[in-house]
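Analysis of the macromolecular model
Single-letter residue listing:
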Amino acid sequence: MNRAEADVDVLIVGAGISGIGAAYHLKEKCPDKTFAIVERRSSFGGTWDLFRYPGIRSDSDMHTFGYAFRPWDKPEVVASGDAILEYLGDTIDAYGIGDSIRYGQSVTGASWSSDDARWTVTVVDDASGEEQRYTCTFLCMCSGYYDYDEGYTPDFEGVEDFEGEVVHPQKWTDEVDYEGKRIVVIGSGATAVTLNPELAKKAEHVTMLQRSPTYIAAQPNRDAFAAFFDAVLPNRWAYALTRWKNILVSILLYWFCQTFPKAAKRNFLRETQRALGPGFDVSTHFKPSYKPWDQRVCLAPDGDFFATLRSGAASVVTDRIERFT
């Protein structure tokens, strides 16, 4: 790098959804400021480039997860990882952000000088191994909260005795063959709720093993309001209205759940029972000990998670793991 490339007003770390958004706002609102994005990976996207497990998708609606400045124009409320990656790539192209991204740059340190009022950021070029330095007056960390090298894995007793394959979703590759196999998915968060219906399409059977229940809500993957707004209004207006409608609904839902937790819990359990049928033991497997929205509620677009359980292709066990054998 020459000196001009290395000395910038703003250095953004990470070319995922946050880093790309930060770059847009700098270009639009601070056109006199210079900036660069350093990205450790060989491509943009962050989370949406890292995770490759079956069915990877957003766990928020795309009208609020997407950018306010760039309308999400697909009909799906919850989008696949590939669709989100395409959306990010189109955003980079539309606003000329690509030239500012430096790929294969691993940040190894950052120090602040009060005398100079500047950061010095040390990076290593992954291809050459060469150490380089950037200076900036503002350091914008858009690197997410995952450990990209090693996702968290509990220490299960006896796991070394297991003769099958143990796969962390963060390390999923196309070489993982699960067709016709019996699979246990440990956990019941957003990743598990995504994986279960997708794995069940090819597996002999999928069991979701959870230590404690999670609230899971079915939601149509087409927004009727968005479709109506799109039909009668310009795209940007329709997107803005849908975005604010969804934000307000989320605020009101959170307020209701926290203010009237017993009523909210009854409603969640009633809807879950309706989705699974009268014979399913909802009280054991879908009745958390905490109030709704004390933790995030998982989304099941078009109720796909519940449909898989009803079909018998998957099941739920609520218990603790003693050991692998």
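Residues numbered from 1 in each chain as written. Predicted model: local features only at pLDDT ≥ 70, side-chain atom pairs only at ≥ 80, totals over all residues. Heavy atoms only, no water.

Looking only at helices and strands, one finds eleven helices and twelve strands in the protein chain. Projected onto the principal axes, the alpha-carbon positions of the protein chain cover approximately 70 × 60 × 35 Å. At a minimum sequence separation of 6, the contacts of the protein chain that also span at least 24 residues come to 64%. Just so you have it, the protein chain exposes about 18,200 Å², and 52% of that area is on carbon and sulfur atoms. One finds the centroid of the 34 positive side-chain charges in the protein chain at a distance of 9 Å from the centroid of its 46 negative side-chain charges. (Helix = DSSP H or I, 4+ residues; strand = E, 2+ residues; numbered from the N terminus. Contact = heavy atoms within 4.5 Å. Areas by Shrake-Rupley, 256 points an atom, 1.4 Å probe, with all protein chains shown as cover. Lys, Arg positive; Asp, Glu negative; His and termini not counted. Charge placed at Lys NZ, Arg CZ, Asp CG, Glu CD.)

This brings us to the packing of aromatic side chains. Here the structure, examined in full by the defined rule, presents 22 aromatic pairs. With 6.0 Å between their ring centres and 75 degrees between their planes, F51 and Y53 make a pair best called edge-to-face. Y53 carries the same exposure label as F51, and that label is buried. Centroid distance Y67 to F69: 4.7 Å. Interplanar angle 20 degrees. Geometry classified as stacked. The two residues Y67 and F69 agree in class, both being buried. (Phe/Tyr/Trp six-rings, centres within 6.5 Å; stacked < 30°, edge-to-face > 60°. Buried < 20%, exposed > 50% of the residue type's maximum accessible area, 1.4 Å probe, protein only.)

This part takes up the nonpolar core. If you look at the biggest cluster of nonpolar residues, it comprises 59 residues, and the most contacted ones within it are I12, L88, F286 and F305. Ranked by size, the runner-up nonpolar core spans ten residues in total, among them V13, A36, V38 and L139. (Core = buried A, V, L, I, M, F, W, Y, C linked by side-chain atoms within 4.5 Å.)

Considering all chains together, one arrives at twelve salt bridges under this definition. Two residues, E131 and R133, come together in a salt bridge whose shortest N-O distance is 3.2 Å. R133 sits in the partly exposed class, given a relative accessible area of 49%. Where D223 meets K245, a salt bridge forms, and the shortest distance between an N and an O atom there is 2.8 Å. Taken as a pair, D223 in the loop between β10 (216-219) and α7 (224-232) and K245 in helix α8 (residues 235-259) lie far apart in primary sequence, 22 residues in all. (Salt bridge = Lys/Arg side-chain N within 4 Å of Asp/Glu carboxyl O.)

Moving on, we come to the packing of α8 against helix α9 (residues 261-276). Between two packed helices, the angle of one axis relative to the other and the distance separating the axes together describe the packing. Remark: α8 packs on α9, axes separated minimally by 5 Å, with the N-to-C direction vectors making an angle of 110 degrees. Put simply, α8 runs roughly perpendicular to α9. Packed against α8, whose contacting residues are F256, C257, Q258 and T259, the element α9 presents P261, A263, A264 and F268 at the interface. (Axes fitted to C-alpha atoms, helices over the stretch in contact; angles between N-to-C directions. Parallel < 35°, antiparallel > 145°, perpendicular 65-115°, else oblique.)

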